[in-house]
Amino acid sequence: MRRTFLLFPVLAILLTLAAAPRASAAPNVRFGLTDDAWLLNGPGTLDSKLARLDTLGVRVVRFTLRWDQIARTRPTSPDDPADPSYDWTATDPVLDGLHQHSIDVVLQLVGTPAWANGRKPMNVAPTSGATFAGFASAAAHQYPWVRRWLIWNEPNQARWLRPTTARIYTTKLLNPAYTAIHAVISGAQVAGGGTAPRGSTGGVSPIAWLTGMRAAHARLDAYAHNPYPLDPKRETPLTGGCGHCETVTMATLGRLVTLVARNFPPARIWLTEYGYQSNPPDRLLGVPLALQARYIGEGAYAAYRAPRVDLLIHFLYRDEPSLARFQSGLVFLSNRMKPAYSAFEMPLAQISSTTLWGQLRAPGSGSTARIERNDGAGWRTLATVQAGAGGYFRWSGKLVRGTQVRVRAGSLVGAPITIR
C-alpha cells in the first residue's frame, strides 16, 4: 500500500474535543488466536509461548484435538480417557499450560480415524455417531475445565467432510458430541457449524448449511463461522462483500446474525478463524502489511458491534513455512513482528469521518492512552483517552483525510492507520 504523509494544521477544536473522550459500552466479545503448529512445534519453549500470549492480551485460544491421531485404534472403553487406545501426550502439555495461564480454550474436535469410517480418509464421516460421541465424552473427561467446544472444521467444504451434507454432519458428529459433552460438563457450550465463508467445489454455502442443520434438528449452544474475505484485495472487514451471494464474510456478518436469530434463536455466534494474509510474503493473495494491521482493528470493531458475537479468533500467530499455506500471522516465519502484532495488542479503527474506536487489549497498555497524529515532523498527542470496561474507547473529533494516527499506552505503540 502506498503511504501518504501530509502536513495539516492542528485546529483548536481538536484539543477541546480531546479533553472529553467517551468510552463505549463493552459487549462480552473475547479476542484470541489459533495456531496449533506454533504451540505444538514452534520455536522456543511452551512456557515462553504461553507468556507471549499473555503479553499480547490473548483471552481465548482455539486448539484442535485430532480424533484420528489421538485414537489410532478402536478403544474398548470409548468414554474412558485412560483407555490405552487414547494418546493425549501431545495435547496435555498445551492444554494444561493454557489452563494454568487462565486462557480460555475453544476445543475443536476433528478427523475420523480409519477404524471408524471403513478405512477411509480422515475427512469421511464416521459410520456411527456413537463412535464420535465416545471420543467427545473421553475428551470431556480428560479436559473437564474446558467450557467451549467446537465440532469439526469447515464441514461445508468437501475437503473437510464427506459426504458434505448438513444432515450427515448433524446426525453423525454434532448431535452425538453435544449430548456426550453436556453429560460430562455442566455448563458446557457446544458450537456447531464451523463453516467456511463459501462452499467451494463440491461444497455447500454456509447459508444453505445453516438452514440444513436446522432441518436436521441440530443441537447447539453457539453457531461457529470463519468469516474470511472472498476477495482480500477489494473487501475490508467493514465494506464490500457480495450482497446477493450465499456467502458470509466479515463484511456481510449481519447476514449470519439474522440467520442464526431466525433458525437457532438462543444460540450465540463464535467467529472461530479469521485473518488477512500479508504481502510480504504472499505476493499473490496478501495485502500490504499496513492494511493487514488496519484490518485487525476493523475486524475487531465489526465483531464488537455485532449482536450475539462472543468470540473473534485470529489465524495465525506465525506465518506457515510454505507460501502455498497461510501467511496471516502476526509475525513472519523468522519471528520478526509485523505491524499486525501491535495492532492486535491495541486495535484501532476509523468508524466514521469523525470517530475512532479502539481497545487497550494487552495488559501492558493499562487503561489510559494517547491518540497521536503524525504532523510530518513527528508524532504529536491529539487526545488522551480513558478506556472503559473491556479496555474499549471511542474518540470523536476532526479527522483530516490522509493523516496518520496511532495509539500509545505506556511503552506500547500501536500500528498507525491513515484517515480516509
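Before reading further, recall that the structure is shown in the block above.
Reading guide: rules and limits
Each chain has its residues counted from 1, following the order in which its sequence is written. Owing to the predicted nature of the model, reporting of local features is limited to residues with pLDDT of at least 70; listing and counting of side-chain atom pairs is limited to 80 or more, with chain, interface and lining totals taken over all residues. Side-chain measures here rest on the full set of heavy atoms in the structure, leaving out hydrogens and waters. Pairing of aromatic rings covers Phe, Tyr and Trp, the last through its six-membered ring, and needs centres within 6.5 Å; plane angles under 30 degrees mean stacked, over 60 mean edge-to-face, and all others mean tilted. A run of DSSP states H or I qualifies as a helix once it reaches four residues; a run of E qualifies as a strand once it reaches two. Both are numbered from the N-terminal end. Burial status follows relative accessibility: with a 1.4 Å probe on protein chains alone, a residue under 20% of its type maximum counts as buried, one over 50% as exposed, and anything between as partly exposed. Note on geometry: a ring has a charge over it if NZ (lysine) or CZ (arginine) is within 6 Å of the ring centre and within 35 degrees of the ring normal. Just to be clear on terms, a salt bridge is a Lys or Arg side-chain nitrogen sitting within 4 Å of an Asp or Glu carboxyl oxygen. A strand pair is defined by DSSP finding two or more bridges across the two strands. A fitted line through C-alpha atoms serves as each axis, taken over the contacting stretch for helices, and the angle formed by two N-to-C directions is quoted from 0 to 180°. Pairs of residues are marked as contacts when any of their non-hydrogen atoms sit within 4.5 Å.

Asker: I'd like a rundown of the packing of aromatic side chains, residues and numbers included.
Answerer: Each aromatic ring pair is specified by the distance between its two centres and by the angle formed by the two planes. One pass over the structure, following the stated rule, counts 20 aromatic pairs. Measuring from ring centre to ring centre gives 5.0 Å for F315 and F326, while their planes differ by 90°; the resulting arrangement is edge-to-face. Of this pair, F315 sits in the loop between β10 (309–314) and α11 (339–345) while F326 sits in the loop between β10 and α11; the two residues are 11 residues apart in sequence, bridging distant segments of the chain. We classify F326 as partly exposed; its relative accessible area is 25%. Ring pairing ties together the aromatic residues W67, Y86, W88, W115, F132, F135, Y143 and W152, which thus form one cluster. The ring of F31 has R361 lying over it, and the distance from NZ or CZ to the ring centre is 4.2 Å. In this structure, R361 packs its charged tip against the face of F344, placed 4.6 Å from the ring centre.

Asker: Explain the pattern of salt bridges residue by residue, including any values.
Answerer: Per the counting criterion, the structure on display carries 13 salt bridges. E298 is the salt-bridge partner of R294, the closest N and O atoms lying 2.9 Å from each other. With R294 and E298 both in helix α10 (residues 289–305) and four residues apart, this pair spans about one turn of that helix. Residues R294 and E298 agree in their burial class; the two are buried. R406 serves as the salt-bridge partner of E372, at 2.8 Å between the closest nitrogen and oxygen. Taken together, the positions of E372 in strand β13 (residues 368–374) and R406 in strand β16 (residues 404–409) put the pair 34 residues apart, joining distant regions of the chain.

Asker: Let's hear about the sheet that holds strand β15 (residues 392–396): which residues, and what values?
Answerer: Reading across the sheet, the three strands line up as β11-β12-β15 and stay open at both edges, with antiparallel pairing between neighbours. Every other strand in the sheet has two partners, leaving β11 (348–350) and β15 as the edge strands with one partner each. If you compare each strand with its neighbour and ignore which way they point, the axes differ by 20° on average. Where β11 meets strand β12 (residues 355–359), three bridges bridge the pair, whose relative direction is antiparallel. Bridge assignment links L348 to a residue of β12, and that residue is G358. Lying on the sheet, α10 is in contact with β11, β12 and β15; it crosses β11 at an angle near 80°.

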